[in-house]
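# Breakdown of the fold
Take a look at the letters that make up each chain.
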Amino acid sequence: MKKLISILVIAILLFATVGCSCGGSCCGGGKKLPEAKGDVSIVYDNALTEKLLAYYQANQGYVVSGKLLTAETDLADIGARIAVLKDDAVIAKLTAAGWKETAHWTEAQKAANDKQFGFTVLEAPDGAPAESALKALVDWLGGKEAAELAQNDMFKDLKN
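Below you will find a few notes about this structure. Since this is a predicted model, take the numbers as computed values, not measurements.

Cut-offs and rules
- Residues numbered from 1 in each chain as written.
- Predicted model: local features only at pLDDT ≥ 70, side-chain atom pairs only at ≥ 80, totals over all residues.
- Heavy atoms only, no water.
- Core = buried A, V, L, I, M, F, W, Y, C linked by side-chain atoms within 4.5 Å.
- Buried < 20%, exposed > 50% of the residue type's maximum accessible area, 1.4 Å probe, protein only.
- Helix = DSSP H or I, 4+ residues; strand = E, 2+ residues; numbered from the N terminus.
- Contact = heavy atoms within 4.5 Å.
- Patch = residues over 30% accessible without salt bridge, like charges linked within 9 Å, V, L, I, M, F, W, Y side chains within 5 Å.
- Areas by Shrake-Rupley, 256 points an atom, 1.4 Å probe, with all protein chains shown as cover.
- Salt bridge = Lys/Arg side-chain N within 4 Å of Asp/Glu carboxyl O.
- Phe/Tyr/Trp six-rings, centres within 6.5 Å; stacked < 30°, edge-to-face > 60°.
- Lys NZ or Arg CZ within 6 Å of the ring centre and 35° of its normal.
- Pairing = 2+ DSSP bridges.
- Expected span 1.5 Å × (residues − 1).
- Polar contact = N/O pair within 3.5 Å; in protein donor to acceptor, adjacent residues only side chain to side chain.

Membership of the largest hydrophobic core comes to 27 residues, with the highest contact counts inside it found for Ile42, Leu52, Ile82, Phe117, Leu137 and Leu141. Every element with two or more residues in this core is listed here: strand 1 (39-44), helix 2 (47-60), strand 3 (82-85), helix 5 (131-141) and helix 6 (144-150). When residues in this core are grouped by element, the largest group, 7 residues, is from helix 5. In this structure Leu141 touches Leu52, Val84, Trp105, Asn113, Gln116, Phe119, Val121 and Ala146, once residues within four positions along its chain are discounted. Counting 12 residues, the second-largest nonpolar core is a separate cluster that includes Ala80, Ala83, Ile91 and Ala124.

Shown next, in the form of C-alpha cells:
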C-alpha cells in the first residue's frame, strides 16, 4: 500500500512539473508566458534604462537589443528605430537630427511615465519602428509594472 501511494505521489509531481514547463506559469496561476514577437532595437542614455528594458523584454516577449548613447556616439551609426531618453541634451541632439517624439502615448500613459521615470520616447526619422513594438513599449512604460518598478530602490536613480 505504501508503495502504491508513493507511486501515485511521484506521478502527480511529474504531471505538475510537465504542466508548469508547457508554457503556463508555475503552480496553476493560469498566466501564459509571453510569446516571442521579434527584435526591437532601442537606444538609451542611462545604463539603468537597459536593466529596466530587461523587465520589458521578459514581460512583452520582444527581444530588446540596445545601445547606450554617449557624447562620442555617431548619430549616423545608431542603428535603432526607438530611443528611450532622459537627458535633455541628448533629446535635443536627436531631435535636431530629425527624430520625433512618439505619438503612441495616451495622455494617461504620458502622465504616468512623467511621474515614474520621465522618459522621452523618440522615433527614428528614416523609417518608423514596428508599430506594435513601439505601442507595447509605451503601454508598458506608462503601465502598472513600470509603476511598481519605479518604487524599487534599484531604479531610484532613474526617477525624476
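And the narrative resumes.
A contiguous nonpolar patch, built from Met1, Leu4 and Ile5 and spanning about 360 Å² of accessible area, is present on the exposed surface. Structurally, Met1 can be placed in the segment before helix 1 (2-20). Accessibility expressed as a relative area gives 75% for Met1, which makes it exposed.

On to the packing of aromatic side chains. Throughout the structure, instances matching the rule amount to 3 aromatic pairs. A centroid spacing of 6.1 Å and a plane angle of 5 degrees characterise the contact between Tyr56 and Tyr62, whose relative ring orientation is stacked. An aromatic cluster of three or more residues is present, and its members are Tyr56, Tyr62 and Trp140. The ring of Phe119 carries Lys86 above its face, with NZ or CZ at 5.6 Å from the centroid.

Per the stated rule, a full pass over the model turns up 2 salt bridges. The partner of Glu101 in a salt bridge is Lys110, and the shortest N-O contact between them spans 2.7 Å. Since its relative accessible area comes to 37%, Glu101 is described here as partly exposed. Taking the relative accessible area as the measure of exposure, Lys110 reaches 22% and is therefore partly exposed. For Lys135, the salt bridge identified is with Asp139, shortest N-O distance 3.2 Å.

Because side chains alternate across strand 3, one face comprises the buried residues Ile82 and Val84, and the other comprises Ala83 and Leu85, equally buried. Relative to strand 3, strand 1 is paired through 3 bridges, and the arrangement is parallel. By the bridge assignment for strand 3, Val43 is matched with Ala83. Of the strand pairs in this sheet, strand 3 and strand 5 (residues 120-123) are connected by 4 bridges, and their pairing is antiparallel. Bridging across to strand 5, Val84 finds its partner in Val121.

Here we take up the environment of Ala112. Topologically, Ala112 is positioned in helix 4 (residues 107-116). Using a relative accessible area of 18% as the deciding quantity, one classes Ala112 as buried. With 32 residues separating them in the primary sequence, Ala112 and Lys144 have C-alpha atoms 9.1 Å apart.

Looking now at helix 2. The end-to-end C-alpha distance of helix 2 is 21 Å, a good match for the 20 Å that 14 residues give at a rise of 1.5 Å each. Check the buried side of helix 2 and you find it contacts strand 1, strand 2 (63-68), strand 3, helix 5 and helix 6. For helix 2, the capping residue at the N-terminal end is Asn46, with a side-chain oxygen 2.8 Å from the backbone nitrogen of Leu48. Positioned one or two residues after helix 2, Gly61 has a phi angle of 90 degrees, which is positive.

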